[in-house]
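Chain by chain, the residues run as shown.
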Amino acid sequence: MGLLPLAASTFFMVSGGPYAIEDILGGAGYRKALIILLVLPLIWCLPTALMIGELASAIPAEGGFYVWVRRALGPFWGYQEAWLSLTASVFDMAIYPAFAVAYLGKLNPVWISGHRAVWWSLGIVMLCGLWNLCGAPSVGKGSVWLFALLLAPFAVLVAAALWHARRAVYAPGHMGAPPGADLTTAITVALWNYMGWDNASTVAREVEDPQRNYPRAMALSTMLVVISYVIPIGAVALAGVSAANLTTGSWTDVAQMLAGHWLFLAIVAGGVVSGIGMFNVLMMSYARLPMTLAADGMLPRWMARTSSRGVPVAAILVCGVAWGMALGFTFERLISIDLILYGASLILEFVALVVLRRKEPELVRPFRIKGRGMAVIVAIPPAALILFAMYAARTERMAGMPALLFGLLVAAAGPCFYWMSRRFWGALGAS
């Protein structure tokens, strides 16, 4: 993959466009939502992008963050990094097919009634599996086209909103939080909409000139994600649309109101594209983890086999089955578990950044976070936000228990599976 396919793939690994940010508006109102969406890139995205830029350019290995943590902290912690990421993926990946299907249902609710929604979701899993069998370059180039298809309707929506803004009449407190707003939910949803930057690292061997392209792709995709969130929100705020009525899927209502049924249909199509695009690139990313683990002797060797195009066919099939089993959970529950497990893996990556600075000071780093001690300082804001997300999950429940406890139990199972993997499949390669 070249720079543009890598940037487009990273965009879908993180965002998927303005879809799913409506709950931020419903929970915070326009003013606070815009503040959240402009501040989080500085204290959440930028530190993460800097960390990935340094490690991905210094160690452009297939398996990405798993390899970084293993190299810095040893086989045990490398396995925990992979375990946290893969278990998080079970909940994360269930979101996107359901998301695409929900938008499809706006055309005709009968299409997704009953078990039909599950069959549609499984169809998306199979479609993306077949697409991934064509190789990472195919997924990356396809992401560029999906990016254009996704954002084209929003370019029209922004123009329509600005046209309506000329005569807009604003209700008192229009920019403030609506009644019943939940700022904690708004921040949590925003964190989820801004996470996933490190997923691009797992396909490093399939990226052209990774030492140069990873830092550039991180910068470009960060800018695109922020723009895709802030500009549509600012435009509909100027158009006088009430934030109180905005929840997941409300962009279609806004499109209908501002431009008519044709834009409604375009936004619906974009929602389907968004869900498919996110699932497709994340399948490419996550499937490289079991492949790399198998190559290191921590999973059956057949999981490491690849096709003539370098595609981990067995890993894609196994992961697809696991993701299909998680279909059906609610959006909020999936976000809570996803943030807990992903957050723990992200902390390990920052630890690896600091340890490698001390352990391998002579390692060639084409991109480097400048300043003594900055490797530690940049990790502080993301770590604080992860702790906040874990605290916010205290009211959510999963499998009959608090979501936080459920997430901790899943994480705690990692050492047990590490021991089992070493026993049944041998020691990790050279450590």
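Residues numbered from 1 in each chain as written. Predicted model: local features only at pLDDT ≥ 70, side-chain atom pairs only at ≥ 80, totals over all residues. Heavy atoms only, no water.

Q: Please explain the overall build of the protein chain as it appears in this structure.
A: On a plain count of helices and strands, the protein chain comes out with 15 helices and two strands. Its C-alpha atoms give the protein chain a radius of gyration of 21 Å, near enough to 22 Å, the size a compact globule of 431 residues would have. Within the protein chain, the proportion of its 431 residues that are buried is 57%. Taking contacts inside the protein chain between residues at least 6 apart in sequence as the whole, the part at least 24 apart equals 83%. Accessible area of the protein chain: about 17500 Å², with a carbon and sulfur share of 69%. (Helix = DSSP H or I, 4+ residues; strand = E, 2+ residues; numbered from the N terminus. Rg over C-alpha atoms; globule rule 2.2 N^0.38 Å. Buried < 20%, exposed > 50% of the residue type's maximum accessible area, 1.4 Å probe, protein only. Contact = heavy atoms within 4.5 Å. Areas by Shrake-Rupley, 256 points an atom, 1.4 Å probe, with all protein chains shown as cover.)

Q: I'm lost on the environment of I340 in this one. Help?
A: Structurally, I340 is set in helix α12 (residues 331–359). Each C-alpha atom, one on I340 and one on M390, is 5.8 Å from the other, the two residues being 50 residues apart in sequence. Filtering out sequence-adjacent residues up to four positions away, I340 remains in contact with M390, A393, A403, L404 and G407.

Q: Quick question: what am I supposed to make of the packing of aromatic side chains here?
A: Two descriptors summarise a pair of aromatic rings, namely the distance from one centre to the other and the angle between the planes of the rings. Following the criterion strictly, the structure yields 15 aromatic pairs and no others. Ring centres of F11 and F147 lie 4.9 Å apart, and the angle between their planes is 90°; this geometry places the pair in the edge-to-face category. Residue F11 is located in helix α1 (residues 3–14), and its partner F147 is located in helix α6 (residues 136–164); the two are separated by 136 residues in the primary sequence. Aromatic side chains Y194 and Y229 sit 5.2 Å apart centroid to centroid with 65° between the ring planes, which places their arrangement in the edge-to-face category. Of this pair, Y194 sits in the loop between α7 (183–193) and α8 (210–238) while Y229 sits in helix α8, and the two are 35 residues apart along the sequence. Accessibility classification places Y194 together with Y229 in one group, the buried group. Three or more aromatic residues joined by ring pairs make a cluster, and in this case those are Y19, F99, Y103, F154 and W251. Note that R166 overlies the ring of W163, its terminal NZ or CZ placed 3.6 Å from the centroid. (Phe/Tyr/Trp six-rings, centres within 6.5 Å; stacked < 30°, edge-to-face > 60°. Lys NZ or Arg CZ within 6 Å of the ring centre and 35° of its normal.)

Q: Honestly, the environment of W120 in this entry has me stumped. Any pointers?
A: Assignment of secondary structure puts W120 in helix α5 (residues 116–132). The spacing of W120 and A411 is 291 residues in sequence and 31 Å in space, taken between C-alpha atoms. Excluding residues within four positions of it along the chain, W120 makes contact with V101, L104, W111 and I112.

Q: Explain helix α3 (residues 65–73) here, please?
A: Given 3.6 residues per turn, any residue in an α-helix points the same way as the ones three and four places further on. Taken across its nine residues, α3 has seven buried, putting it largely inside the fold. Inspection of α3 places F65, Y66, V67, W68, V69, R70 and A72 among the buried residues, and these make up the whole buried set. Phi for G74, located one or two positions after α3, is positive at around 100°.

Q: Looking at this structure, I do not really get the packing of α7 against helix α14 (residues 380–392). What am I missing?
A: Any two packed helices are characterised by the angle at which their axes cross and by the distance between the axes. The geometry of α7 relative to α14 is characterised by a closest axis approach of 10 Å and an angle of 125° between their N-to-C directions. One element, α7, and the other, α14, form an angle in the oblique class. Considering how the two elements wind past one another, α7 and α14 form a crossing that is left-handed. Contact residues: α7 offers T184, I187, T188 and L191, while α14 offers L385, F388, A389 and A392. Grouping the amino acids of the contact of α7 with α14 by side-chain chemistry returns six nonpolar, two polar and no charged. (Axes fitted to C-alpha atoms, helices over the stretch in contact; angles between N-to-C directions. Parallel < 35°, antiparallel > 145°, perpendicular 65-115°, else oblique. Left-handed = near helix turned anticlockwise from the far one by under 90°. Nonpolar A, V, L, I, M, F, W, Y, C, P; charged D, E, K, R; others polar.)

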